[in-house]
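Letter by letter, the chains look like this.
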Amino acid sequence: MTILVTGAAGFIGSHFCVSALQQGLDLVLLDNLENSSIKVLKIIEELSGVAPVFEQVDVRDKDALVAVFDKYSIDAVVHFAGYKAVGESSADPLMYYRNNVAGSINLLEAMKEQGVHKLVFSSSATVYGEPEFNPYTELHRKQPFNPYGQTKSMMEDMMRDLCDSDSQFSMISLRYFNPIGAHVSGKLGEDPKGIPNNLMPFVTKVAVGELKELGVFGDDYDTVDGTGVRDYIHVMDLAVGHIKAINYLSDNRGFEAVNLGAGKGYSVLQLIETFERLNNVKIPFVIKPRREGDLAAYWADATKAKQLLGWQTELGLDDMVRDSWAWQSANPNGYSDN
Ligand code: WQD
């Protein structure tokens, strides 16, 4: 089975490719390299032992996308390609709708035209919005409150409608919680451009001395210590979840949405303390006002992933902070170091 992987050079896509290639899956890697480095391909080869097939294509270019389907006999798609910065999506929603939604429509149309019926989609717990209850189950209503989350929710609805229209389709949307960590080798990791939006890459940039201190966005939430609580999941556990989802598609039809989370939450201060203790490094921080749009606390009910996919997280917060640091300390400037 040949699997097209969009966004393959990105943070989660690249970790998935290493795991999938190591398991002998036949992949075609696709990325426009707008938010990723061509150097990642060599690292994927080094870690997997397989020289990956790569196509530099933008999913917004329908003709170029169709040409990839014509060139390879694709059996399934794993769709990571998309913008993912919440704040940026509010500042420039059309850029997000063009890339995340129009790009996904191009992909779905190409799949339909080419008779490719299996899709695993990279979605996000952001689709749920303000928690009506915690932990989120997949039955929690969807009410995204930012354009980024809206694009993920819209793609899920398109997938569901397509599956309802044609019983040959088999699609699964994986709702990630907070992916962090890095490949245990320290050669692959998260390498955001500019000042990181997300907590862990900000922490590692402080640890490596690139940033002076961490701003903790609020300590007055109704949580264990007043700081935000999230369900952090190791990127390697996430990669395995995608492989399990591909296996599931082979024997099932229709659409499913599945949470990929650890099923427990940690606060910002708990993550900082764990990072400092495990890595023997100080993370200076200051308490700042709450960040617009942040929720106090949410985490996953991961029962469905266990029952449907036979998947659960194997790695814990200690592994996540240790592997994140191994990557950043070995690559202080990310891939530009290579
Ligand atoms: C985590 C916690 C912050 C930065 C977002 C998207 C989600 C997914 C992951 C794409 C919160 C606090 C953060 C900082 C801080 N992205 N924080 N100082 O906001 O939970 O989720 O990223 O798929 O879809 O919504 O992740 O890492 O930004 O924040 O105190 O400099 O860390 O307030 O409590 P978030 P995050």
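Residues numbered from 1 in each chain as written. Predicted model: local features only at pLDDT ≥ 70, side-chain atom pairs only at ≥ 80, totals over all residues. Heavy atoms only, no water.

### Quick word on the UniProt feature "domain: NAD(P)-binding" (unreviewed entry) in the chain
Here the UniProt feature "domain: NAD(P)-binding" (unreviewed entry) sits at residues 4-323. Secondary structure over residues 4-323 splits into 41% helix and 18% strand, and the C-alpha atoms at its two ends are 28 Å apart. (UniProt positions renumbered as here; feature names shortened; annotations may be inferred. Helix = DSSP H or I, 4+ residues; strand = E, 2+ residues; numbered from the N terminus.)

### Observations concerning the pattern of salt bridges
This structure, assessed with the given rule, holds 20 salt bridges. Close ionic contact of E46 with K187 constitutes a salt bridge, the shortest N to O distance being 3.2 Å. Linking E46 in helix α2 (residues 39-48) with K187 in the loop between β7 (178-180) and α7 (199-207), this pair joins segments that are 141 residues apart in sequence. The partner of E156 in a salt bridge is R175, and the shortest N-O contact between them spans 2.6 Å. With a gap of 19 residues between them, E156 in helix α6 (residues 147-165) and R175 in strand β6 (residues 170-176) connect regions that are remote in the sequence. Overall, R175 belongs to the buried group, its relative accessible area being 3%. Beyond isolated ion pairs, a larger network of salt bridges with shared partners links K142, E156, D157 and R175. (Salt bridge = Lys/Arg side-chain N within 4 Å of Asp/Glu carboxyl O. Buried < 20%, exposed > 50% of the residue type's maximum accessible area, 1.4 Å probe, protein only.)

### Digging into α2
Working note: α-helix, 3.6 residues per turn, so residues spaced by three or four point in the same direction. Inspection of α2 places V40, L41, I43, I44, L47 and S48 among the buried residues, and these make up the whole buried set. Projected down its long axis, α2 shows its buried positions confined to an angular sector of 165 degrees, all on one face. Where α2 is buried, its residues meet α1 (11-22), β2 (26-31) and β3 (53-56). Within two residues after α2, G49 carries a phi angle of roughly 80 degrees, on the positive side. (Arc of directions from axis to C-beta. Contact = heavy atoms within 4.5 Å.)

### With respect to helix α11 (residues 317-330)
Helix length check: α11 (14 residues) gives 20 Å between terminal C-alpha atoms against 20 Å at 1.5 Å per residue, within 8%. Buried within α11 we find L317, M320, V321, D323, S324, W325, W327 and Q328. Contacts from the buried residues of α11 go to β7, α7, β10 (232-234), β12 (266-267) and α9 (268-279). (Expected span 1.5 Å × (residues − 1).)

### Thoughts on unusual backbone geometry
As a rule of thumb, non-glycine residues mostly have phi less than zero, and peptide bonds are mostly trans rather than cis. In this structure, the amide linkage connecting N134 to the following residue, P135, adopts the cis form with an omega of -5 degrees. Note that P135 resides in the loop between β5 (118-124) and α6. Positive phi, close to 60 degrees, is recorded for L33, a residue that is not glycine. One can find L33 in the loop between β2 and α2. For N280, which is not glycine, the phi torsion reads 55 degrees and is therefore positive. Inspection of the secondary structure puts N280 in the loop between α9 and β13 (285-288). Among the residues examined, N280 registers a relative accessible area of 72% and is labelled exposed.

### Things to note about the sheet that holds strand β4 (residues 76-79)
By definition, the strands of a sheet pair up through backbone hydrogen bonds, in either a parallel or an antiparallel sense. Taking strand neighbours across the sheet as the criterion, the 7 strands line up as β3-β2-β1-β4-β5-β6-β11 in an open arrangement whose pairing is parallel. Of all the strands in the sheet, the pair left with one neighbour each is β3 and β11 (254-260). Adjacent strand axes in the sheet meet at a mean angle of 20 degrees, parallel and antiparallel pairs treated alike. Sheet topology note: the strand β1 (residues 2-6)/β4 ladder contains 4 bridges and is parallel. Paired with T6 across the two strands is H79, which belongs to β4. Helix-sheet contacts for α1 involve β1, β2, β4 and β6, and the interaxial angle to β2 is about 165 degrees. Of the strands in this sheet, β4, β5, β6 and β11 are in contact with α6, which crosses β5 at around 155 degrees. (Pairing = 2+ DSSP bridges. Axes fitted to C-alpha atoms, helices over the stretch in contact; angles between N-to-C directions.)

### Description of the site of the ligand
Contacts to the ligand come from 21 residues, most closely from T126, Y148, L199, R230 and D294. Measuring from an oxygen atom of the ligand, one finds a side-chain N or O atom of N178 at 3.0 Å. Interatomic distance of 3.0 Å between a side-chain N/O atom of N198 and an oxygen atom of the ligand. The protein chains hide 92% of the 690 Å² of surface that the ligand would expose on its own. Put simply, the parts of the chain that give the shell around the ligand at least two residues each are α7 and β8 (214-217). (Near = heavy atom within 4 Å. Polar contact = N/O pair within 3.5 Å; in protein donor to acceptor, adjacent residues only side chain to side chain. Areas by Shrake-Rupley, 256 points an atom, 1.4 Å probe, with all protein chains shown as cover.)

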